[in-house]
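Chain and residue survey
Given next are the chains, with one letter for each unit.
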Amino acid sequence: FSPDGGRILFDRQNADGFFDLYVAGLHDATPHGLSEGRSELAARNNGNGAFHPSGRYIVFLSEEPRHFQDNMVWLGNPGIGMYCNLWATDSRGGRFWKLTADPPKMKLIDGIQVMGVVNPHFSHDGSRLIWTERYARGGHHNWGKWRVMTAAFEESDGTPRLVDPQVLIRAEDYSPHCNY
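So, a few notes on the structure that sits alongside this text.

Definitions and limits used
- Residues numbered from 1 in each chain as written.
- Predicted model: local features only at pLDDT ≥ 70, side-chain atom pairs only at ≥ 80, totals over all residues.
- Heavy atoms only, no water.
- Helix = DSSP H or I, 4+ residues; strand = E, 2+ residues; numbered from the N terminus.
- Buried < 20%, exposed > 50% of the residue type's maximum accessible area, 1.4 Å probe, protein only.
- Pairing = 2+ DSSP bridges.
- Axes fitted to C-alpha atoms, helices over the stretch in contact; angles between N-to-C directions.
- Polar contact = N/O pair within 3.5 Å; in protein donor to acceptor, adjacent residues only side chain to side chain.
- Contact = heavy atoms within 4.5 Å.
- Patch = residues over 30% accessible without salt bridge, like charges linked within 9 Å, V, L, I, M, F, W, Y side chains within 5 Å.
- Areas by Shrake-Rupley, 256 points an atom, 1.4 Å probe, with all protein chains shown as cover.
- Salt bridge = Lys/Arg side-chain N within 4 Å of Asp/Glu carboxyl O.
- Core = buried A, V, L, I, M, F, W, Y, C linked by side-chain atoms within 4.5 Å.

With that settled, the discussion passes to unusual backbone geometry. Phi is positive for Tyr83, which is not a glycine, with a value near 65°. Along the chain, Tyr83 turns up in the loop between strand 5 (57–63) and strand 6 (84–90). Of the residues examined, Tyr83 reaches a relative accessible area of 1% and is grouped as buried.

Pasting the structure below:
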């Protein structure tokens, strides 16, 4: 829900097999596409969005345009988030800003980890963003090692950005028996 409770934000899978981000009024049956057909974004998976408490911004994940395993469309699904970075848009999808810039793995043996992000959420006052990030291979069924990240969400001259990203939680730091 938007902070004023009048709109909902959702992603849906389109005919091309990729997800896009939409916003709709609670009393308007016509969703407005925020990411579909936008040249600023890859024509791949976009979704898993969250409204900023001010209602001015929406943070979401967007799959990189090219990466290793890019024929496996489901990996960038907004609920999985592999090969995705965080982006922000204004509440109408008029402007876009890339917030994280994890490089995508391009080849099997290129030394780059498969990255991923999911679940961005704002603090109540909007000053911080929290999200989950894949940072290494391994983990349960080789889905990777994931950690909870946070950063200050700041705006300067109408441009949002993340400042001072920090790791909040890694499962292996809290359980000696955890292989995640």
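So much for the structure itself; the text now carries on.
The pairing of strand 9 (residues 128–136) with strand 10 (residues 145–156) spans eight bridges and is antiparallel. Paired with Arg128 across the strands is Ala152, a residue of strand 10. Where strand 10 and strand 11 (residues 159–170) come together, nine bridges link them in antiparallel fashion. Within the sheet, the bridge partner assigned to Glu155 lies in strand 11 and is Pro160.

Strand order in the open sheet made by the four strands is 4-5-6-7, with antiparallel pairing throughout. Where the open sheet ends on each side, the last strands, each with one partner, are strand 4 (46–51) and strand 7 (96–98). Across the sheet, the mean angle from the axis of one strand to that of its neighbour is 30°, orientation sign disregarded. Note that strand 5 and strand 6 share seven bridges and pair antiparallel. Counted as the bridge partner of Tyr57 is Asp90 from strand 6.

What follows deals with the side chain of Glu133. Within the fold, Glu133 resides in strand 9. Here Arg147 takes part through its side chain, which lies 2.7 Å from a polar atom of the side chain of Glu133. Setting aside its immediate chain neighbours within four residues, Glu133 contacts Asp102, Gly116, Val117, Lys145, Trp146, Arg147 and Met149.

Let us look at a nonpolar patch on the surface. A contiguous nonpolar surface patch, about 310 Å² in accessible area, is contributed by Phe1, Ile8 and Leu26. Counting through the fold element by element, Ile8 comes out in strand 1 (residues 7–13). Residue classification places Ile8 among the partly exposed residues on the basis of a relative accessible area of 30%.

If you look at the biggest cluster of nonpolar residues, it comprises 18 residues, and the most contacted ones within it are Val59, Leu86, Leu99, Leu129, Trp131, Phe153 and Leu162. Residue assignment for this core shows that the elements contributing at least two residues are strand 5, strand 6, strand 8 (116–122), strand 9 and strand 10. Among residues more than four places away in sequence, those in contact with Leu129 are Val59, Leu86, Pro120, His121, Phe122, Met149, Thr150, Ala151, Phe153 and Leu162. If you look at the next biggest cluster of nonpolar residues, it comprises 10 residues, including Leu21, Ile58, Phe60 and Trp87.

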